[in-house]
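Secondary and tertiary structure notes
Listed below, chain by chain, are the residues.
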Amino acid sequence: MEQKNKGELKDLKYNEMLKKKIEKLKKKRNAVIIVHNYQRDEVQEIADISGDSLALSQAAVRTDSEVIVFCGVQFMAESASILNPGKTVLLPVKEAGCPLADMITPEKLRLKKNEHPGAAVVCYVNSSAEVKAESDIACTSSNAIEVVRSLKEKQVIFVPDKNLGRYVQSQVPEKEIILWEGFCPTHIRVQEEDIVRSKEAHPGAEVIAHPECNPEVLALSDHICSTGGMFAYVKGSKSKEFIISTECGMLYKLQKDNPGKSFYLPTLKLVCANMKLITLGWVAHSLENLVYEVKVSDDIREKARKTLERMLAVTARKG
Ligand code: 13P
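Residues numbered from 1 in each chain as written. Predicted model: local features only at pLDDT ≥ 70, side-chain atom pairs only at ≥ 80, totals over all residues. Heavy atoms only, no water.

We now examine unusual backbone geometry. A cis amide bond, omega -15 degrees, links Val 159 with the succeeding residue Pro 160. On the secondary structure map, Pro 160 appears in the loop between strand S7 (155-159) and helix H8 (162-171). (Helix = DSSP H or I, 4+ residues; strand = E, 2+ residues; numbered from the N terminus.)

What follows covers the sheet that holds strand S4 (residues 88-90). Pairing is parallel in the open sheet, where four strands are placed in the order S2-S1-S3-S4. One side of each edge strand has no neighbouring strand; the edge strands of this open sheet are strand S2 (49-51) and S4. For this sheet, the mean angle separating the axes of adjacent strands, direction not counted, is 20 degrees. In the sheet, strand S1 (residues 31-36) pairs with strand S3 (residues 67-71) via five bridges, with the strands oriented parallel. Its bridge partner being in S3, Ile 34 is matched across the sheet by Phe 70. (Pairing = 2+ DSSP bridges. Axes fitted to C-alpha atoms, helices over the stretch in contact; angles between N-to-C directions.)

Turning next to the side chain of Ser 135. With respect to the helices and strands, the residue Ser 135 is situated in the loop between helix H6 (129-133) and strand S6 (137-139). Classification of Ser 135 as buried rests on a relative accessible area of 6%. Filtering out sequence-adjacent residues up to four positions away, Ser 135 remains in contact with Leu 109, Val 121, Cys 123, Thr 307 and Arg 310. (Buried < 20%, exposed > 50% of the residue type's maximum accessible area, 1.4 Å probe, protein only. Contact = heavy atoms within 4.5 Å.)

Before going further, it helps to spend a moment on the pairing of strand S9 (residues 206-209). Burial of S9 is two-sided: the residues Glu 206 and Ile 208 facing one way and the residues Val 207 and Ala 209 facing the other way are all buried. One ladder, built from four bridges, connects S9 with strand S11 (residues 241-245); its direction is parallel. Residue pairing across strands places Ala 209 opposite Ser 245, the latter belonging to S11.

Before going further, it helps to spend a moment on empty space enclosed by the protein. Here the structure, examined in full by the defined rule, presents one cavity of 30 Å³ or more. In this model, the largest cavity occupies a volume close to 50 Å³. What lines the largest cavity is Ser 53, Leu 56, Ser 57, Phe 70, Phe 75, Met 76, Ser 79 and Val 125. Residue assignment for the lining of the largest cavity shows that the elements contributing at least two residues are helix H3 (53-62) and helix H4 (74-83). Of the residues assigned to the lining of the largest cavity, the class counts are five nonpolar, three polar and no charged. (1 Å grid on protein atoms, 1.4 Å probe; cavity = no way out; pocket = protein on both sides within 12 Å on 5 of 7 lines; lining within 4 Å. Points joined across faces, edges and corners; volume = space filled by probe spheres on them. Nonpolar A, V, L, I, M, F, W, Y, C, P; charged D, E, K, R; others polar.)

Let us now look at the packing of helix H11 (residues 227-236) against helix H12 (residues 250-257). Two numbers describe a pair of packed helices, the interaxial angle and the distance between the axes. It is at 11 Å that the axes of H11 and H12 come closest, and there the two elements cross at 25 degrees. Judged by the inter-axis angle, H11 sits roughly parallel to H12. Judged by the sense of rotation from one axis to the other, the crossing of H11 with H12 is right-handed. Residues Thr 227, Met 230, Phe 231 and Val 234 of H11 form the contact with H12, whose own contacting residues are Met 250, Lys 253 and Leu 254. (Parallel < 35°, antiparallel > 145°, perpendicular 65-115°, else oblique. Left-handed = near helix turned anticlockwise from the far one by under 90°.)

Turning next to the pattern of salt bridges. Scanning the model with the defined rule gives 20 salt bridges in all. Between Glu 42 and Arg 40 there is a salt bridge, and its shortest N-O distance comes to 4.0 Å. You can call Arg 40 partly exposed: its relative accessible area is 29%. In this structure, the salt-bridge partner of Arg 305 is Glu 302, at a minimum N-O distance of 2.3 Å. Taken together, the residues Arg 305 and Glu 302, both in helix H14 (residues 298-318) and three residues apart, mark about one turn of the helix. Judged by its relative accessible area of 29%, Glu 302 falls in the partly exposed class. A single network of salt bridges, built from pairs that share partners, joins Asp 298, Arg 301, Glu 302, Arg 305 and Glu 309. (Salt bridge = Lys/Arg side-chain N within 4 Å of Asp/Glu carboxyl O.)

Counting 103 residues, the largest nonpolar core has Ile 33, Val 69, Val 122, Ile 244, Val 283 and Met 311 as its most contacted members. Ignoring sequence-local partners within four residues, the contact set of Ile 244 consists of Ile 208, Met 230, Met 250, Leu 251, Leu 254, Phe 263, Tyr 264, Leu 265, Pro 266 and Leu 270. (Core = buried A, V, L, I, M, F, W, Y, C linked by side-chain atoms within 4.5 Å.)

It is worth spelling out the site of the ligand at this point. In the region of the ligand, the neighbouring residues are His 36, Tyr 38, Asp 52, Ser 53, Phe 75, Asn 126, Ser 141, His 187, His 210, Glu 212, Ser 226 and Thr 227. A distance of 2.9 Å separates an oxygen atom of the ligand from a polar atom in the side chain of Glu 212. Here the ligand loses 96% of its free accessible area of 300 Å² to cover by the protein chains. At a threshold of 2 Å from the grid points, most atoms of the ligand map onto the largest pocket. Residues of the shell around the ligand, tallied by class, amount to two nonpolar, eight polar and two charged. (Near = heavy atom within 4 Å. Polar contact = N/O pair within 3.5 Å; in protein donor to acceptor, adjacent residues only side chain to side chain. Areas by Shrake-Rupley, 256 points an atom, 1.4 Å probe, with all protein chains shown as cover. Sits in = over half its atoms within 2 Å of the grid points.)

Structure (C-alpha cells):
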C-alpha cells in the first residue's frame, strides 16, 4: 500500500473535515454540486454530478435544487445561470476563467458576421454569454459535428477554437467552415513528439485525444472525443492501456472507474491552472456565504439562452 507522509496525512484529515462541512452546508442551502472532469481529485470526490460540458449543461436544466455550486470555469457557470434564471448559480472562485473564451469578443464576432452575411454562427460553449448572444447555435466538443450537420446553411462561422473547428470540418466536408484564431493554451501544449514518445514507451496503448489538441496530435490519435466520450470509449475498449491527451484531471475518474486499466499523459504540461483554482475550502466558503453568484443581464441572457437551447434540442433529437 502507498505510504503517506505526515504532511499528506494532515491534508487528508483537513479535507475530510471540509467534506463534512460541505455536506452540512449543502443540505442547509438545498444545493447541488456540479463538477467538471478537469477539477482537482478531491473536488471530484464531492460531486453530486460530474461530466463534460454538455452533460453539465443538461444536468443544470434538470436540477430541482435552489443553489447550483458550479466547480468548473466561468463560461460553464454562466451557461448554467442562463439556462436556470430562477436559480442561484455560484462559482466558488470568481477568477476561474477560460483563456480560450477570452479569445473572442462580441464586437469582433459582429465584424466577422458582416464579412459573411449568409453564414450560420456556431459558438463553442467555451465563450462568453455576449458571444453566445451573437451566435445562432452553441456546441460542445461532444456534439459539434451533429450541430454543424444540423444547419441548413452551407457556410459556418465556427468560434472560437480553431482546432475543434478544423476537426469538425474534416468530419463534415459538405460544409464550408470559417475558422476563428482561438485555441486552448493547455491542449496546444501537447506536441506530436510527445505522442510519438508515449507510444514508444507504451506500444500497446490506444491514444485518445480531445479535439482541442493540435491537428498533428489528432492525426496520431486512435480516437477523438470529449472528456465524457473518453469514459464511454475506455469502458467499451478491450485495450488495457491508454494515452490520454487532455487535461490531467481526467485521470482521477478514468483510474477509479477502470481499476484494471492504465492511463498515461503524453506530457505533464497538461494542467489547466484555472480549473485547479477551486479547492474544497473555496467550495465550503461558497456555500457558507453564497458566493460568487454568476448572473447575466436579461437581454443578453434571453439571446444566449436561445443559442444554448437550440444546441440542447439538436442533442435531444439524437436521444
Ligand atoms: P469537454 O466538453 O470535453 O468536457 O471539454 C471542456 C473543455 O473546456 C475542454 O477544454
